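Chains, contacts and geometry: an overview
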Amino acid sequence: MLSLAMIVKNESKKIARCLQSVQSVVDEIVIVDTGSTDHTKQIASTFGARIFDYIWDDDFSSARNYALEQCNGEWILVLDADDQITHASRKEIDDFIRKHDALGRIQITNSFDYNGELRESKAYVTRLFPKGSFYNGKIHEQIVSDLPRKNVSIEVYHDGYFKSEKYKRNIKMLEVELEQNPGDSYTLFQLGKEYRIIKEYAKANVYLTKCYNTITNNDGYKPQVVIEYLHTILGLNNFERGLTLIEQETHNLSDYPDFLFASGLFFMELVFSDTDKYFEYFPLIEESYLKCLSVGDTTKYESVKGTGSFLAAYNLAVFYETTGNLGKAKTYYRISAEYNYKIAQQRLGFLNTIKE
């Protein structure tokens, strides 16, 4: 038996979409409501959900663990109301449970705003596990288990953070978590990430520097720490620190398109900040984006869609255009445009009107 466990509050706009996408996959739906004042519970009841009330205590793990306790299934799938399953097969899930003594990591596509442009990132997150597992951490909670984690064929689209202000809640909760667990590297990472997202780079730098200095290559989230740290360093124009970071991590992350892409952005800002001082790094702009395309988009790491394809091709085209090589610029705008990247299509259309 497979149970769906969800905690919700005021999700009347999205919960039906989520439950409709999952109802044919699970045997029961368990909803724990933490104080809705809209029609969330009424909508959930139309899907046959078992609904429980829970007094919110600023602790996601506590609420999620309460939801897990209410489940009757031997296995549990956890979703949020702003998730929507885009691919799932009960047969594939049952095969995974039968063949693997492991927790299931599902693919989650997150949408986010980047300077007014809709972008997507993909990550694998542990959301399928046997009853008896439990969560730890007030926010950005993690499943505690000695079982290995393996990818399962479930794909989800999540838009809960698109143009939202959840960062205010997250920062408050993360600061409390850090007070209770000083020096915890994962909390430092998440705090730094929240501040980086809202462009408070000085605060982000404090937390990410501490985090980077404490984690090791064995920490699975280190690649994401490096990316957040590099973008923060770039936001502060701390070019010397950025050069050191790239030098330290190039060998470790040579197959990570997001790192190569961020390096390309860094070298571009570096060179144009002081052409005379940093001109020797000019060729590394082109080299970084070519490496992105060579590596390609990845499923090995949490990654922004396009850093190994159309976004890298677009930035490479911009590089060639600004250096006067319109032939190569058109080539890479065309590559980017083939992914239906509208900005590249528009730029290619403009260049096609210009005689070389």
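As the structure is a computational prediction, the values presented were derived from the model and not from experiment. (Residues numbered from 1 in each chain as written. Predicted model: local features only at pLDDT ≥ 70, side-chain atom pairs only at ≥ 80, totals over all residues. Heavy atoms only, no water.)

This part takes up the packing of helix α13 (residues 310–322) against helix α14 (residues 326–337). Helix packing for two helices is described by the angle between their axes and how far apart those axes are. Look at α13 against α14: their axes get within 8 Å of each other, and the N-to-C directions meet at 165°. As summarised for this structure, α13 and α14 are arranged roughly antiparallel, according to the angle between their axes. Crossing angle aside, the handedness with which α13 passes α14 is left-handed. Within the contact between the two elements, α13 uses Phe310, Ala313, Tyr314, Leu316, Ala317, Val318, Tyr320 and Glu321 and α14 uses Leu326, Lys328, Ala329, Tyr332, Tyr333, Ile335 and Ser336. Residues of the contact of α13 with α14, tallied by class, amount to twelve nonpolar, one polar and two charged. (Axes fitted to C-alpha atoms, helices over the stretch in contact; angles between N-to-C directions. Helix = DSSP H or I, 4+ residues; strand = E, 2+ residues; numbered from the N terminus. Parallel < 35°, antiparallel > 145°, perpendicular 65-115°, else oblique. Left-handed = near helix turned anticlockwise from the far one by under 90°. Contact = heavy atoms within 4.5 Å. Nonpolar A, V, L, I, M, F, W, Y, C, P; charged D, E, K, R; others polar.)

Inspection of every chain in the model, using the stated rule, returns 21 salt bridges. The residue glutamate 117 makes a salt bridge to arginine 119 at a minimum N-O spacing of 3.4 Å. According to the relative accessible area criterion, glutamate 117 is buried, its value standing at 17%. Lysine 291 is the partner of glutamate 287 in a salt bridge, and the nearest nitrogen-oxygen pair spans 3.1 Å. In this pair, glutamate 287 and lysine 291 both sit in helix α12 (residues 282–295), four residues apart, roughly one turn of the helix. (Salt bridge = Lys/Arg side-chain N within 4 Å of Asp/Glu carboxyl O. Buried < 20%, exposed > 50% of the residue type's maximum accessible area, 1.4 Å probe, protein only.)

Counting residues in hydrophobic clusters, the biggest one holds 78 residues, and the most contacted among them are Phe129, Phe259, Phe266, Tyr289 and Tyr333. When neighbours within four sequence positions are excluded, tyrosine 333 is seen to be in contact with Tyr314, Ala317, Val318, Glu321, Ala344, Arg347, Leu348 and Leu351. Counting 27 residues, the second-largest nonpolar core is a separate cluster that includes Met6, Ile29, Ile106 and Ile108. (Core = buried A, V, L, I, M, F, W, Y, C linked by side-chain atoms within 4.5 Å.)

Between its terminal C-alpha atoms helix α10 (residues 257–273) stretches 24 Å, which fits the 24 Å expected from 17 residues at 1.5 Å a residue. Among the 17 residues that make up α10, 13 are buried, leaving the element largely enclosed by the rest of the structure. (Expected span 1.5 Å × (residues − 1).)

Before going further, it helps to spend a moment on the state of the cysteines. In this structure the tally under the stated criterion is zero disulfides. Between cysteine 71, a free cysteine, and cysteine 18, which holds the nearest cysteine sulfur, the sulfur-to-sulfur gap is 14 Å. (Disulfide = S-S within 2.5 Å.)

Before going further, it helps to examine unusual backbone geometry. For histidine 140, which is not glycine, the phi dihedral falls at a positive 50°. Along the polypeptide, histidine 140 turns up in the loop between β8 (134–136) and β9 (142–144). The exposure class assigned to histidine 140 is partly exposed, which follows from its relative accessible area of 22%. Within the chain, asparagine 237 stands out as a residue other than glycine whose phi angle is a positive 55°. In this structure, asparagine 237 sits in the loop between α8 (222–235) and α9 (239–249).

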